[in-house]
Amino acid sequence: MENYYDEGPKVYADVLLDDWFKRSFQEYGDAKRLMKLFIEALIPGRKIATLDYASSESTNQNPGKKSIRVDVECCDEDGRRFIVEVQRAEQGAFYDRAVFNSTFAIQRQLKEGRRDYRFPQVYFIGIMRFSLHEKDERFLYRYSLAEDTTGERMTDSLHYIFFEVSKCRGDKGASFLEKVGYALYNLPLMNGRPEGFEGELFDLLFSSAEISRFTPEEKIKYHNDMTTERDIQNQIAHARTAGIEQGMKQGIEQGVKQGMKQGIEQGIEQGVKQGIEQ
């Protein structure tokens, strides 16, 4: 995004950086209320009375096996669990990672000695700053476990929601949820709240991201985090450019070799043909 990584003064922080997402949606002010409204916006018909945060770290009990840390995990009054994970850069295996991470939330609900495997619903919510569906205009994708042919749902206990915020618009024709995604993606570029972004969710989101409200220590940390992020983006851009240049070079070399080979073969074929005719 243009001017995103420059070092000029900013009004709002990038809440899609790990620590700053956690600050907005778990730590600052009425973060619990903001998370509740966000989840309700993503899941139609879901009303949450109370919300509590769970540990964001899950330890694998099998020696030598991978443990996980997610951005935010919380549960409602009925025990439903919501795992919220931000993914900034494109990752081809992100869906597989989502499945892996969701299994820990399931295991924590099944206590040792329990005789049945019924457990409250688990929702994995992935907020993505990139798209895995470039040719599709949709910005929200929902998945559940279903039978391949009939679509019959196998269980209602496991759901995956992927929110591709880079596709979201902020104009008058945008839905409420699309404006939420637009704000999440574009906050660092905004000098104020755009027209049409009203309501409690936006009140809480913009307030939590306002850099002037940061403590001196938070301002220093945010500046350092953005410096690191700029370095990462520069490295990615350099690697992409180098890869394109290398690919073009190899393509040209291969083309030259192929052309020479075809020229030699055509010359031999023509010489043989002329020799036979003579």
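Below: a short report on this structure. Remember, predicted model here, so these are calculated numbers, not experimental data.

## Points about the pattern of salt bridges
Scanning the model with the defined rule gives 19 salt bridges in all. Notably, a salt bridge pairs glutamate 40 with lysine 36, separated by 2.9 Å at the nearest N-O pair. Here glutamate 40 pairs with lysine 36, and both are found in helix α2 (residues 31-42), just 4 residues apart, close to one helical turn. Here the two residues glutamate 40 and lysine 36 agree in accessibility, since each one is buried. With its nearest N and O atoms 3.0 Å apart, the salt bridge here joins arginine 138 to aspartate 136. Residue classification places aspartate 136 among the partly exposed positions, given a relative accessible area of 25%. Salt bridges sharing partners connect three or more residues here, namely Asp14, Arg88 and Glu229.

## Quick look at the side chain of glutamate 85
Relative to the helices and strands, glutamate 85 is located in strand β5 (residues 81-87). Accessibility expressed as a relative area gives 2% for glutamate 85, which makes it buried. Within the local environment of glutamate 85, its side chain forms a polar contact with the backbone nitrogen of aspartate 71, the two atoms lying 3.0 Å apart. Setting aside anything within four residues of it in sequence, one finds glutamate 85 in contact with Arg69, Val70, Asp71, Phe94, Arg97, Phe124, Ile125, Gly126 and Ile127.

## Notes on helix α5 (residues 200-209)
Within α5, 7 of the 10 residues are buried, which leaves it mostly tucked inside the rest of the structure. Looking at α5, one finds that the buried residues are Leu201, Phe202, Leu205, Phe206, Ser207, Ser208 and Ala209. Looking at the buried residues of α5, the elements they touch are α1 (18-27), α2 and α4 (176-186).

## Some thoughts on the pairing of strand β6 (residues 122-128)
The buried fraction of β6 amounts to 7 of the 7 residues, a majority that puts the element mostly inside the structure. Neither face of β6 is open: one carries Val122, Phe124, Gly126 and Met128, the other Tyr123, Ile125 and Ile127, and all of them are buried. Sheet analysis places β5 next to β6, joined by 7 bridges and oriented parallel. Within β6, the position partnered with isoleucine 83 by the bridge is phenylalanine 124.

## Observations concerning the nonpolar core
Among the nonpolar cores identified, the biggest contains 41 residues, and Met35, Phe38, Leu42, Phe163 and Leu184 are the most heavily contacted of them. For this core, the elements supplying multiple residues, two or more each, are α1, α2, β4 (72-76), β5, β6, β8 (158-164), α4 and α5. The residues touching phenylalanine 163, leaving out its near neighbours within four places in the chain, are Phe38, Leu42, Gly126, Ile127, Met128, Phe139, Leu140, Cys168, Leu177, Gly181 and Leu184. In this structure, Ile83, Ala98, Tyr141 and Phe162 belong to the second largest nonpolar core, which totals 15 residues.

## Describing the sheet that holds β4
Sheet architecture is open: 6 strands sit in the order β1-β4-β5-β6-β8-β7, paired in mixed fashion. In this open sheet, the two strands that pair with only one neighbour each are β1 (51-53) and β7 (140-144). The average angle at which neighbouring strand axes cross in this sheet is 20°, direction not considered. With 7 bridges connecting them, β6 and β8 associate as parallel partners. Of the residues in β8, the one forming a bridge with tyrosine 123 is histidine 159.

## Description of the side chain of serine 131
Structurally, serine 131 is set in the loop between β6 and β7. Overall, the relative accessible area of 6% leaves serine 131 in the buried class. A polar contact is formed between the side chain of serine 131 and the side chain of lysine 167, at a distance of 3.3 Å. For serine 131, the residues in contact, after removing those within four places along its chain, are Glu164, Ser166 and Lys167.

## Re the packing of aromatic side chains
Tallied over the entire structure, the rule returns 21 aromatic pairs. For the pair tyrosine 12 and phenylalanine 206, a centre-to-centre distance of 5.2 Å together with 80° between the ring planes defines the contact as edge-to-face. In this pair, tyrosine 12 is assigned in the segment before α1 and phenylalanine 206 in helix α5, connecting sequence segments 194 residues apart. Look at phenylalanine 206 and you get buried, because its relative accessible area is 3%.

## Structural notes on α1
Every α-helix carries 3.6 residues per turn, so stepping three or four residues along brings you back to the same face. The complete set of buried residues in α1 reads Trp20, Phe21, Arg23, Ser24 and Phe25. Each buried residue of α1 sits inside an arc of 165° when the element is viewed along its axis, so together they form one side. Positive phi shows up at glycine 29, right after α1, with a value of about 50°.

## Description of the packing of α2 against α5
Packing of α2 against α5 brings their axes to within 9 Å, and their N-to-C directions diverge by 130°. When the axes of α2 and α5 are compared, the pair comes out oblique. As for the relative orientation of α2 and α5, their crossing is left-handed in sense. Of α5, the residues touching α2 (which contributes Arg33, Leu34, Leu37 and Phe38) are Glu200, Leu201, Leu204, Leu205 and Ser208. Among the residues making up the contact of α2 with α5, the classes are represented as 6 nonpolar, 1 polar and 2 charged.

Parameters and conventions
- Residues numbered from 1 in each chain as written.
- Predicted model: local features only at pLDDT ≥ 70, side-chain atom pairs only at ≥ 80, totals over all residues.
- Heavy atoms only, no water.
- Salt bridge = Lys/Arg side-chain N within 4 Å of Asp/Glu carboxyl O.
- Helix = DSSP H or I, 4+ residues; strand = E, 2+ residues; numbered from the N terminus.
- Buried < 20%, exposed > 50% of the residue type's maximum accessible area, 1.4 Å probe, protein only.
- Polar contact = N/O pair within 3.5 Å; in protein donor to acceptor, adjacent residues only side chain to side chain.
- Contact = heavy atoms within 4.5 Å.
- Pairing = 2+ DSSP bridges.
- Core = buried A, V, L, I, M, F, W, Y, C linked by side-chain atoms within 4.5 Å.
- Axes fitted to C-alpha atoms, helices over the stretch in contact; angles between N-to-C directions.
- Phe/Tyr/Trp six-rings, centres within 6.5 Å; stacked < 30°, edge-to-face > 60°.
- Arc of directions from axis to C-beta.
- Parallel < 35°, antiparallel > 145°, perpendicular 65-115°, else oblique.
- Left-handed = near helix turned anticlockwise from the far one by under 90°.
- Nonpolar A, V, L, I, M, F, W, Y, C, P; charged D, E, K, R; others polar.

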